[in-house]
Amino acid sequence: SGPVRVGVPEGAASQIVVEVAQKLCDTYPKLEMQLVALPQKFSLSKREADFVIAVSKPQKGRVRVQKIADYRLHLNGSKAYLSQQKKIKKVSDLIKVRGVGYISDMIFDDELDYIPLVDGSFNPHLTSTSIHVQLRALLNGAGVGILPDFMTAPHENLVKVLPDEISFKRSFWYIVHEDYAQLERVRVCSKAIIEGMRAVLKSMPK
């Protein structure tokens, strides 16, 4: 019973964690699940969250850390948009298309800064702090952008661009302050979320 506040990346929150949270609320009617899906890092010592799902592993602090699972990201575009462009055969051809991505100076975690790893010719023209805005932009035919496979898989009109050349592997980490790791509501909720995320992410095609 009581509130459990979870800091979790926006994409994972909407595509995976919300369903786990719903099941937890169904099972425990007095439980209050709070999913904070903001593009930021959380201070566990200040109780900004009871535990965090993050894309980078903390290097210090009185925390317990557990790797949840890896996930992959690829460059995607809509079939309609790509059919109107010259065929992209190599990475340098990306200079011919519009890019979609994060606002570079507002990326809250270096693990999300993919664009410089692609090629200097790839320059996003439509950017947002929200990964859902980026997804909607791709679905609307605004250009091509890098998104996690677990977000693009449900959309048949999105296709991977140069999947062999442009592919990134990242990881989700469970992080909790050691003082709160054994609280019953934290322990039960974190276990369910970790298992739920692993099930979804490990079902993704390699």
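Scroll up to find the structure.
Residues numbered from 1 in each chain as written. Predicted model: local features only at pLDDT ≥ 70, side-chain atom pairs only at ≥ 80, totals over all residues. Heavy atoms only, no water.

Draft legend 1. Up close: the overall build of the protein. Helix and strand content of the protein: six helices and nine strands. What you see for the protein is a C-alpha radius of gyration of 18 Å, in line with the 17 Å of a compact globule of 206 residues. Its C-alpha atoms give the protein principal-axis dimensions of roughly 55 × 35 × 25 Å. Long-range pairs, those at least 24 residues apart, make up 80% of the contacts in the protein with a sequence separation of at least 6. As presented, the protein carries roughly 11,000 Å² of accessible surface, and 49% of it is formed by carbon and sulfur atoms. A distance of 3 Å separates the average location of the 29 positive side-chain charges in the protein from that of its 22 negative side-chain charges. (Helix = DSSP H or I, 4+ residues; strand = E, 2+ residues; numbered from the N terminus. Rg over C-alpha atoms; globule rule 2.2 N^0.38 Å. Contact = heavy atoms within 4.5 Å. Areas by Shrake-Rupley, 256 points an atom, 1.4 Å probe, with all protein chains shown as cover. Lys, Arg positive; Asp, Glu negative; His and termini not counted. Charge placed at Lys NZ, Arg CZ, Asp CG, Glu CD.)

Draft legend 2. Geometry of the state of the cysteines. Under the definition given, this model contains zero disulfides. For the unlinked cysteine cysteine 25, the closest cysteine sulfur is that of cysteine 189, found at 8.0 Å. Among the residues examined, cysteine 25 registers a relative accessible area of 30% and is labelled partly exposed. (Disulfide = S-S within 2.5 Å. Buried < 20%, exposed > 50% of the residue type's maximum accessible area, 1.4 Å probe, protein only.)

Draft legend 3. View of the pairing of strand β2 (residues 31–36). Taken together, the six bridges between strand β1 (residues 2–7) and β2 define a ladder with parallel strand orientation. Of the residues in β2, the one forming a bridge with glycine 2 is leucine 31. Read as a crossover between parallel neighbours, the route from β1 over helix α1 (residues 10–27) to β2 is right-handed. (Pairing = 2+ DSSP bridges. Right-handed = clockwise from strand over helix to strand, strands pointing away.)

Draft legend 4. Up close: a positive patch on the surface. On the surface, Arg72, Lys169, Lys202 and Lys206 cluster together into a positively charged patch. Relative to the elements of secondary structure, lysine 206 occurs in the segment after α6 (184–202). Exposure remark for lysine 206: the relative accessible area of 86% places this residue in the exposed category. (Patch = residues over 30% accessible without salt bridge, like charges linked within 9 Å, V, L, I, M, F, W, Y side chains within 5 Å. Salt bridge = Lys/Arg side-chain N within 4 Å of Asp/Glu carboxyl O.)

Draft legend 5. A look at the pattern of salt bridges. Per the counting criterion, the structure on display carries eight salt bridges. With a closest N to O distance of 3.1 Å, arginine 170 and glutamate 111 form a salt bridge. One end of the pair, arginine 170, is in strand β9 (residues 167–177); the other, glutamate 111, is in the loop between β5 (99–101) and α3 (115–118), and 59 residues separate them in sequence. In this structure glutamate 111 comes out as partly exposed when scored by relative accessible area, which is 32%.

Draft legend 6. How the structure looks around the environment of tyrosine 81. Position of tyrosine 81 relative to the elements: it lies in helix α2 (residues 79–83). Taking C-alpha positions, tyrosine 81 is 39 Å from methionine 33, a pair spaced 48 residues apart along the chain. Residues contacting tyrosine 81, with those up to four places away along its chain left out, are Val97, Arg98, Gly141, Ala142, Gly143 and Val144.

Draft legend 7. α1, seen in detail. With 18 residues, α1 extends 24 Å between its outermost C-alpha atoms, agreeing within 8% with the 26 Å of an ideal straight helix rising 1.5 Å per residue. Taken as a whole, α1 carries its principal kink of about 55 degrees at valine 17. Among all positions of α1, only Gly11, Ala12, Ala13, Ile16, Val17, Val20, Ala21 and Leu24 are buried. Along its buried surface, α1 packs onto β2, α4 (131–139), α5 (149–152), β9 and α6. (Expected span 1.5 Å × (residues − 1). Bend = angle between axes of the 7 residues up to and from the residue.)

Draft legend 8. View of the packing of α1 against α6. One can describe the packing of α1 onto α6 by two numbers: an axis separation of 9 Å at closest approach and a directional angle of 135 degrees. If you check the angle between α1 and α6, you find them oblique. Every pair of crossing elements has a handedness; the one defined by α1 and α6 is right-handed. In this structure, α1 uses Ala12, Ile16, Val17, Val20 and Leu24 to contact α6, whose residues at the interface are Val188, Cys189, Ala192, Ile193, Gly196, Met197, Val200 and Leu201. In terms of residue class, the contact of α1 with α6 is made up of twelve nonpolar, one polar and no charged. (Axes fitted to C-alpha atoms, helices over the stretch in contact; angles between N-to-C directions. Parallel < 35°, antiparallel > 145°, perpendicular 65-115°, else oblique. Left-handed = near helix turned anticlockwise from the far one by under 90°. Nonpolar A, V, L, I, M, F, W, Y, C, P; charged D, E, K, R; others polar.)

Draft legend 9. Molecular detail of the pairing of β9. Judged by how many residues are buried, β9 sits mostly within the fold: nine of eleven residues are covered. For strand β3 (residues 51–54) and β9, the ladder comprises four bridges, and the chain directions are antiparallel. Among the inter-strand pairings, valine 52 is bridged to a residue of β9, identified as isoleucine 175. As judged from the eleven bridges shared by strand β4 (residues 63–78) and β9, these two strands associate in the antiparallel manner. Within β9, the position partnered with valine 65 by the bridge is isoleucine 175.

Just geometry here; none of it tells us what the structure is for.
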